[in-house]
Amino acid sequence: MKTHQHDVIILGAGGAGLMAALYASRTVRVAVISKLYPTRSHTGAALGGIGAALGNEEEDHWEWHAFDTVKGGDYLTDQDAAEILAREAIDAVIELEHMGLPFDRTKEGKIAQRRFGGHTNNVTGKPVRRACHAADRTGHMILQTLYQQCIKNNVTFFDEFHVVDLIMNGDKPAGAVAVCLRDGSLHLFHAKAIVFATGGWGKCWEVTSNAHSMTGDGAAIAFRNGIPLEDMEFFQFHPTGLYPTGFLITEGVRGEGGVLINGRGERFMERYAPKVKDLASRDVISRAIAIELREGRGIKGGRYLYLDLTPETVRRYKAEAGENADYYTPEYIETKLAETCDQGRTYAGIDPVTEPLPIQPTAHYAMGGIPTNVNAEVIADSTNRVIPGLYAAGECACVSVHGANRLGTNSLVDLIVFGRRAGLRAAEYARDASFVSMPSDAGRKIESELNRIRTSNGSTRPYVLRKKMQSTMQDMVGVFRNGKDMQKALDIIRELRREFATNIRIDDRGSTFNTDVLEAWELGCLLELAEVTTFSALNRTESRGAHAREDYEKRDDQNWLKHTLVYRNGEEGLRVDYKPVVITQYQPKERVY
Amino acid sequence: MQATIRIRRFNPEKDKKPYWATYTLQDCEPTNRVLELLHRIKWEIDGTLTLRRSCAQGICGSDAMRINGRNRLACKVLLQEFGENPKIQVEPILGLPVIKDLVVDMEPFFAHYRAVMPYLVNDSPPPIGPDGKPRERLQSPEARARYDDTTKCILCAACTTSCPSFWANGAYVGPAAIVQAHRFIFDDRDQLLQERLDVLADPDGVWRCRTVYNCTPACPRGIQVTQAIGEVKRAIRAGKRDY
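Residues numbered from 1 in each chain as written. Chains lettered and ligands numbered in written order. Predicted model: local features only at pLDDT ≥ 70, side-chain atom pairs only at ≥ 80, totals over all residues. Heavy atoms only, no water.

Draft legend 1. Region of the structure containing the overall build of chain B. Looking only at helices and strands, chain B has eight helices and seven strands in total. The principal-axis extent of the C-alpha atoms belonging to chain B is close to 65 × 45 × 35 Å. For chain B, buried positions account for 60% of its 243 residues. Within chain B, contacts between residues separated by at least 24 positions form 63% of all contacts whose residues are at least 6 apart in sequence. When the 35 positive and 29 negative side-chain charges of chain B are each reduced to one mean point, those points stand 3 Å apart. (Helix = DSSP H or I, 4+ residues; strand = E, 2+ residues; numbered from the N terminus. Buried < 20%, exposed > 50% of the residue type's maximum accessible area, 1.4 Å probe, protein only. Contact = heavy atoms within 4.5 Å. Lys, Arg positive; Asp, Glu negative; His and termini not counted. Charge placed at Lys NZ, Arg CZ, Asp CG, Glu CD.)

Below is the structure:
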């Protein structure tokens, strides 16, 4: 195996990884290792905006952003982390602008901001314009801008190198193992500090906004190496996935005035969130949609509702609210929601300027993940013991800044703020630390696992297992859950894991660009995370944020105001532990929108 | 309905040269995307079929390929456009070396991209707000609109690999790199204008464009590529941004 040596290696090249790379590479030797070309990363699919209390359009304060984040997270958010997120968001957005990010502009030439779900004026309770945006392709522009800056700063990239394991020497991280897609060779990356920035695992579900590559590799790798996973029961379903594909339709549509309509033509969110209506937080709206569908109020009796952004409808509701809406013209929609228009026309055959879009909730974002402190350092247990040299940021990490439910725009804030912290802290650590020596058998375990997959000659094609996992998670670990179904789901997933380990069939035995083998390996990651998710969800006997149990309908602060940590316990077993929520100034109270 | 797909295949470990393989799929829907059909072949019939893909919704730029003779993103082409019994031909984009099946070597493409210095340069100190902290550089909505179209580029290479000038001479930077340069040339916050124009005035720069117009219809993002190239040419002639 070829060995490379760098002070810091960054696993993944989405927003968090690139931000970490930019900062770490200022002082130490850095390599970014990514299974995709960096600009293919899923940060590029983020649409509507990045939240920061710039106050460019109206009064706003970072303290309001922090509170909204805590409330949005249903009080499971660590409040020190939310304060950092909201405060540093302002500098981070300004810095992105300096890097060249083409934000939309106000008349005065400042960064333009729009409304988004759960972001409010804390005095009036009304939605506030906080989401800084570049049309409705903000994530694309962030990804492009960060990659551009990495090129400017000569950051070293290993593109299309698929990271498949950590290298541990005892309990000390020494590096990572990656497969070079082009020729199938295994490479050892020896490093003082390792940053996980590998993204989420929406592909556990059938209907998802996530890319095919969102298979949770980093979280699964960490977990297999003894690191716990935090709050895995909290997975966000975005209310407006396009029907039937599940592709994301941005919340920015509702921020601009779009409304949700049921089969009776009602703006039903008025019943569920009287104050902010269609701009309630995502868990609240996804549940409302699920209830509308369950009670037979889908469009024409189908499994979808409408998201209406036509000028006629939006102007009518804005007039009702006493707002001027003269600016809301077809041209305005084409400019501000260009991607949405393209998506509707391409994938639904519907022009959103003239007709409402069919939507359904779609699996979107992992609130849980690799536990870290506010410096992006990975922690090993409930005492917050730091694992020296190991960092995580972005969706794969759980700081926990999103608690039980993430607010829209906060994923982009998270990866900029905590990606930067990860890069800075990793570099600082690497400057003083020495390399942990490589064990003589480094990479051998994963090499034999990949060989097992490559030569497997069973009877089940991996996609069969993947489909079964996805439909199981969709039906039994979705917007609403209950103990009975989740136990069934857990049994099914464990059976699928056994099948995966013993009876899969692979066609491609070659070494060049063998995605047959790597897709199967990714399935192993998904199965592992699906198991932990279901186990965690079954364990938490309350409803909070995105975790809504039909058999435990209330939030239970007495027993459950705490984070879940799950560890692998032997091959088959899982072990659960807990960690207190950090509360600074916002005492938990009932959550009403 | 039934769909027939003919795929240009090549495995360097087995094949001396590329060949066509034909697959027939039942139970296809008019709303299926070509990418879904390729996945069905890979997952259900032959796991050795190799392609790049990620987002499957037209934003990551991984799955540009030549579909019925035109460069498209496989995730953005729906079966319905091919009629009742669709017959589809899929091959790798042209002008870049094939690694395996539909996967080509993207390195030459990204080398051209890097050559145009695709990053904003502005070394003057940023404005300071009332709280003493840096603020954004102001830019009017009109100035922002000037380069809006070219910010949409996802580096899928559909334009560059549809260009006969690029096929003829791989040293030509190609439409995508010029689109990327355009995005900075017409951004009034950027301070590297002259250097950018110099790079593109190189013999392998913008003048290799013969305005064949293949690139514009090839762009899955609807960017007016040929127009952007024309604007860069005019800026080079004038030696300034607002020619």
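Draft legend 2. Representation of the pairing of strand β5 (residues 127-132) of chain A in the model. Residues and elements named next belong to chain A. Counting buried residues along β5, five of its six residues qualify, which places the element largely inside the surrounding structure. As judged from the two bridges shared by strand β3 (residues 50-51) and β5, these two strands associate in the antiparallel manner. Along β5, the bridge assignment pairs Gly 51 with Ala 131. Inspection of the sheet shows strand β4 (residues 113-120) paired to β5 by four bridges, in the antiparallel sense. Looking at β5, one finds that Arg 115 is bridged to Arg 129. (Pairing = 2+ DSSP bridges.)

Draft legend 3. Structural detail: unusual backbone geometry. Residues Tyr 243 of chain A and Pro 244 of chain A are joined by a peptide bond in cis, for which omega reads 5°. Here the residue pair Val 399 of chain A and Ser 400 of chain A is connected by a cis peptide bond, since its omega of 5° sits within 30 degrees of zero. Even without a glycine there, the phi angle at Thr 409 of chain A is positive, about 80°. In this structure, Ala 56 of chain B takes a positive phi of about 65° despite not being glycine. If you trace the backbone, Ala 56 of chain B turns up in the loop between α1 (34-45) and β3 (64-67).

Draft legend 4. Spotlight on the interface of chain A and chain B. On the side of chain B, 66 residues touch chain A, which itself brings 63 residues to the contact. Taken over both partners, the interface formed by chain A and chain B buries close to 5,400 Å², and the fraction arising from carbon and sulfur atoms is 48%. The three residues of chain A that bury the most area against chain B are Arg 40, His 212 and Tyr 347 of chain A, which together make up 14% of that side's buried surface. In this assembly, chain A and chain B are joined by nine salt bridges. The salt bridge partner of Lys 100 of chain B is Asp 508 of chain A, with a shortest N-O separation of 2.7 Å. The tally of links from chain A across to chain B stands at 42 residue pairs in polar contact (both at pLDDT 80 or more). (Buried area = accessible area lost by both parts, 1.4 Å probe. Salt bridge = Lys/Arg side-chain N within 4 Å of Asp/Glu carboxyl O. Polar contact = N/O pair within 3.5 Å; in protein donor to acceptor, adjacent residues only side chain to side chain.)

Draft legend 5. The arrangement of the packing of helix α14 (residues 462-476) of chain A against helix α15 (residues 483-502) of chain A in detail. Residue and element names in this part refer to chain A. Between α14 and α15, whose axes approach to 10 Å, the crossing angle comes to 170°. By the criterion of interaxial angle, the relationship of α14 to α15 is roughly antiparallel. Of the residues in α15, those touching α14 at Leu 465, Lys 468, Met 469, Thr 472, Met 473 and Met 476 are Asp 485, Met 486, Lys 488, Ala 489, Ile 492, Ile 493, Leu 496, Glu 499 and Phe 500. Looking at the contact of α14 with α15 residue by residue, the class counts come to ten nonpolar, one polar and four charged. (Axes fitted to C-alpha atoms, helices over the stretch in contact; angles between N-to-C directions. Parallel < 35°, antiparallel > 145°, perpendicular 65-115°, else oblique. Nonpolar A, V, L, I, M, F, W, Y, C, P; charged D, E, K, R; others polar.)

Draft legend 6. Layout of the pairing of strand β9 (residues 186-196) of chain A. Residue and element names in this part refer to chain A. Counted residue by residue, β9 has eleven buried out of eleven residues, so it is predominantly covered. Bridging between strand β1 (residues 2-11) and β9 involves nine bridges; their strand directions are parallel. The partner of Thr 3 across the bridge, within β9, is Leu 188. With five bridges joining them, strand β8 (residues 172-180) and β9 adopt antiparallel strand pairing.

Draft legend 7. Structural view of the sheet that holds strand β21 (residues 562-569) of chain A. All names here are of chain A. Read across the open sheet, the three strands follow the order β10-β21-β22; overall the sheet is antiparallel. The outermost strands of the open sheet, each flanked by one partner alone, are β10 (229-230) and β22 (573-580). As paired elements, β21 and β22 share eight bridges and run antiparallel to each other. When the sheet's bridge partners are listed, Val 566 is paired in β22 with Val 576.

Draft legend 8. Just helix α8 (residues 225-238) of chain B, in detail. All names here are of chain B. Counted at 1.5 Å a residue, the expected span for α8 with its 14 residues is 20 Å, and the 20 Å between its end C-alpha atoms agrees. Summarising burial for α8: ten of the 14 residues are buried, a large majority. For α8, the full list of buried residues reads Val 225, Thr 226, Ala 228, Ile 229, Gly 230, Glu 231, Val 232, Lys 233, Ala 235 and Ile 236. Looking at the buried residues of α8, the elements they touch are α3 (141-146), α5 (174-185), α6 (193-201) and α7 (215-218). Positive phi shows up at Gly 239, right after α8, with a value of about 70°. (Expected span 1.5 Å × (residues − 1).)

Such coordinate-based values are descriptive only and should not be taken to indicate function.
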